[in-house]
Structures are given as structure tokens and as C-alpha cells.
Amino acid sequence: MSFPSNRPATWFVTGTSRGLGIELVTQLLQRGDHVAATTRSTERLLSALDGRVDTSRLLPLTVDLRDEAAVEQAVHQTVERFGGLDVVVNNAGYGFLAAVEETSAAEVRDMLDVQVVGVWNVLRATLPLLREQKSGHIVNVSSVLGLTAVPGWGLYCAGKFALEGLSEALATEVAEFGVEVTIVEPGYFRTSFLTRDSLALPTRATDAYPGIREMTENHLKLQGAQLGDPVKGAAAIIDEVVRGEGPLRLLLGSDAHAYATAKVDALRANLDATAETAPTTDHATV
Ligand SMILES: NC(=O)c1ccc[n+]([C@@H]2O[C@H](COP(=O)([O-])OP(=O)(O)OC[C@H]3O[C@@H](n4cnc5c(N)ncnc54)[C@H](OP(=O)(O)O)[C@@H]3O)[C@@H](O)[C@H]2O)c1
């Protein structure tokens, strides 16, 4: 059990001015924990928190997560202000809705810069600390679309699948140092995720995919009607970290659980269908 019980814990959370991030920051401050909150706009973060909670244990940090030196500086400031670090939440992310062939190289790079390179920058800056103190918890906010892919979400899924792969490897690498890893896989949550503030669209859409244009319209209309409650989502993440020693994946939402179950069933059927073929490519045993 690595979560401190005799003092406030220190959390480093990314992507905090909206959605799950702002809920996490609010609830952590209400618990009495210390929070270093990174955002692209501390002004937006502070105005979202204004009047909601005591911010004396908050360190708001303007950070471009793609900038390794800026991330290192933010972690340094966190340790200087709070005297250590216990939990890292890689939460920042955004959606992108387009067909694979409509997605430009620049759009691919932008997504992977935030969802993979940015997370990796945070991990490189924080892991030595957690490893040396032999305790800590890394929470990587993925998606159920990090487990299963659907049309129109190819780039987003590519980023989240990458995040899942690195998180799975990381979990086994750092377990011996007392560091836990949790991958959070939400379904649809009622945050800003499906608004034009967050959801990116391709600069060059074609007319070959009317189904994806329709899906985009439907997703924008879904705003405000998503099943998941971010207040409960943030609380579930905090509970999981405080309790410790949970499963690697934390699915949030009955929609997420159903999608993931369908993926596991399809994967099982696929494995069964290739069970005879797979061993036929082995070298003959000598
Ligand atoms: N809501 C859903 O339906 C859903 C479902 C599955 C997974 N998720 C994942 O949950 C996490 C939180 O999303 P949310 O639902 O809370 O959405 P949100 O309300 O749009 O908030 C996303 C946060 O990510 C940060 N962010 C967005 N674009 C960014 C960029 N280009 N560079 C750096 N930071 C960026 C923003 O931080 P700042 O503006 O403060 O910098 C923002 O606070 C994301 O990783 C998302 O992929 C959400």
C-alpha cells in the first residue's frame, strides 16, 4: 500500500481546466491533499475553481506537455513546493473524429505529441523520484477506445492504444519499486470532450465517408446527454488510488464495460479461429 495515510498526499495532474481534470483537482483539494495541476491556461483553471474550493494547497502550472524541459521544470516546482510527490495522473487528451485516410500527418503528430510524447515526458520526469522513494502511483487516463476501435476514431484509438501498451509495460517494470500503475478506461462522460472546445475535426474531409460526417454531427449533439458523471468518475479514480493494489484497468461506465466485454469476446473468437494455424509457422523441434 503506497498511498500515504499519515499526511496529505501530493498529486500531479495534467489537463485540469475542464472535465475530469477539474473534478479531480476539486475533490483532491476538498480531501486536503496537495495538487500540482498542469494546464494550458491557469486563468481558465482558476476561474473554474473560483468559489468552489480552498485553493491554498494548489500549485497551478502552465505547461506545454510536449515540451520536455517545461515538464521537468513543473515537476521540480511541485517537489519544491510540497516536498515530494505521490501520485501522477496523466489526464490531458482530446478527441479527433475522421476517417483514417482523411487524417493528415500533422494531425497524427499533434495527437501523438499530446497522448504519447507528453505522457512519456511526465513519466521520465517523475519515475526516478517514485522509484527511489519506493512508492507512488501512476494513473494514465486512456479510454475504452484504448481497448477497442470504432470507425471515425482511428487516430484517437491509435493514441490511446499506444498509451495502453506503454502503461502495461510500465506496470510490470515498476512493480518491484513499489510503484503502481492504473489505466483508466472511461466510456462517454459528460465533460467538454464532445464540444468543439475539445473535439478536433480533420482539416481536409472527403465526401467518401458520409457515415463519419453523420457520426460527427450525432456526437456533437450527444453533448450533455452522455451517461458518465465526471464527479463520480473522479471520485472512482481517487478511491482506486487511495485503496491501492487494484486491477491494472479501471473501466468507468456501464457503456465502457459493455464495449470492453464485446472486444474480449471477439478476441477470444479470433484466437480460437487461429489456434490451429498459429503453431504451423514454428520451426520443427530438434
Ligand atoms: N469524456 C469522455 O467521454 C471520455 C471518454 C474516454 C476517455 N476520455 C479521456 O479522459 C481524459 C479527460 O478528458 P475529459 O473528458 O475531461 O475532456 P475535456 O473536458 O475536454 O478535458 C480535457 C482536458 O485535457 C486537456 N487537453 C485537451 N486538449 C489538449 C491538448 N491539445 N494539449 C494538452 N492538453 C489538452 C485540457 O486541459 P487544459 O485545457 O487545461 O490544458 C482539458 O482540461 C482525456 O484523456 C480523454 O481522452 C474522455
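All of these numbers come straight from a predicted model, not from anything done at the bench. (Residues numbered from 1 in each chain as written. Predicted model: local features only at pLDDT ≥ 70, side-chain atom pairs only at ≥ 80, totals over all residues.)

Asker: Got a sec to walk through the overall build of the chain? Specific residues and values, please.
Answerer: A count of helices and strands for the chain gives eight helices and seven strands. Since a compact globule built from 286 residues should have a radius of gyration of about 19 Å, the 20 Å found for the chain is in line with a globular shape. The buried share among the 286 residues of the chain stands at 40%. Partitioning the intrachain contacts of the chain with sequence separation of at least 6 by distance along the chain shows that 76% fall at a separation of at least 24. (Helix = DSSP H or I, 4+ residues; strand = E, 2+ residues; numbered from the N terminus. Rg over C-alpha atoms; globule rule 2.2 N^0.38 Å. Buried ≥ 20, exposed ≤ 12 C-beta atoms within 10 Å, placed from the backbone. Contact = placed C-beta atoms within 7 Å.)

Asker: Just give me the short version of the UniProt feature "domain: Ketoreductase" (unreviewed entry) in the chain, but keep the residues and values in it.
Answerer: On the UniProt side, "domain: Ketoreductase" (unreviewed entry) is annotated at positions that read residues 9–187 here. Across residues 9–187 one finds 48% helix and 18% strand; the C-alpha atoms that close the span lie 28 Å apart. (UniProt positions renumbered as here; feature names shortened; annotations may be inferred.)

Asker: Lay out the sheet that holds strand 7 (residues 249–252) in plain terms, naming residues and giving numbers.
Answerer: If you trace the seven strands from one edge of the open sheet to the other, you get 3-2-1-4-5-6-7, paired in parallel fashion. Since the sheet does not close on itself, it has two edges, and those belong to strand 3 (58–62) and strand 7, each with one partner. Neighbour-to-neighbour, the strand axes of this sheet turn through a mean angle of 15°, independent of strand direction. Pairing analysis gives four bridges linking strand 4 (residues 87–90) to strand 5 (residues 136–141), with the strands arranged parallel. Of the residues in strand 5, the one forming a bridge with Val88 is Ile138. (Pairing = 2+ DSSP bridges. Axes fitted to C-alpha atoms, helices over the stretch in contact; angles between N-to-C directions.)

Asker: Can you break down the site of the ligand residue by residue, with the values?
Answerer: Around the ligand sit 26 residues, and of these Gly15, Ser17, Gly19, Thr39 and Gly93 come closest. A total of three residues in the shell around the ligand trace back to one element, the largest contributor, which is helix 1 (residues 19–31). In terms of residue class, the shell around the ligand is built from 10 nonpolar, 14 polar and two charged. (Near = placed C-beta within 6 Å. Nonpolar A, V, L, I, M, F, W, Y, C, P; charged D, E, K, R; others polar.)

Asker: Can you tell me about the pairing of strand 4, naming the residues and giving the values?
Answerer: Residue alternation in strand 4 divides its side chains into two sets, Val87 and Val89 and Val88 and Asn90, and both sets are buried. By the bridge criterion, three bridges tie strand 1 (residues 10–13) to strand 4 in an arrangement that is parallel. Counterpart to Val13 in the pairing with strand 4 is Val89. Tracing the backbone out of strand 4, into helix 4 (residues 105–133) and back to the parallel element strand 5 gives a crossover that is right-handed. (Right-handed = clockwise from strand over helix to strand, strands pointing away.)

Asker: Can you tell me about the environment of Glu132, naming the residues and giving the values?
Answerer: Mapped onto the fold, Glu132 is located in helix 4. Linking Glu132 and Phe177, residues 45 residues apart in sequence, is a C-alpha distance of 7.7 Å.

Asker: Could you give me a rundown of the environment of Ala106, with the residues and numbers involved?
Answerer: Tracing the sequence through the fold places Ala106 in helix 4. Taking the C-alpha atoms as reference, Ala106 lies 27 Å from Leu61; in sequence the two are 45 residues apart.

Asker: Explain unusual backbone geometry to me, using residue names and the numbers behind them.
Answerer: In this model, Lys134 sits at a positive phi of 60°, which is unusual for a non-glycine residue. With respect to the element layout, Lys134 can be found in the loop between helix 4 and strand 5. The exposure class of Lys134 is exposed, given the 11 C-beta atoms found within 10 Å. The residue Glu245 is not glycine, and still its phi comes out positive at about 55°. Positionally, Glu245 belongs in the loop between helix 7 (230–243) and strand 7. For Glu245, a count of 9 C-beta atoms within 10 Å translates into the label exposed.

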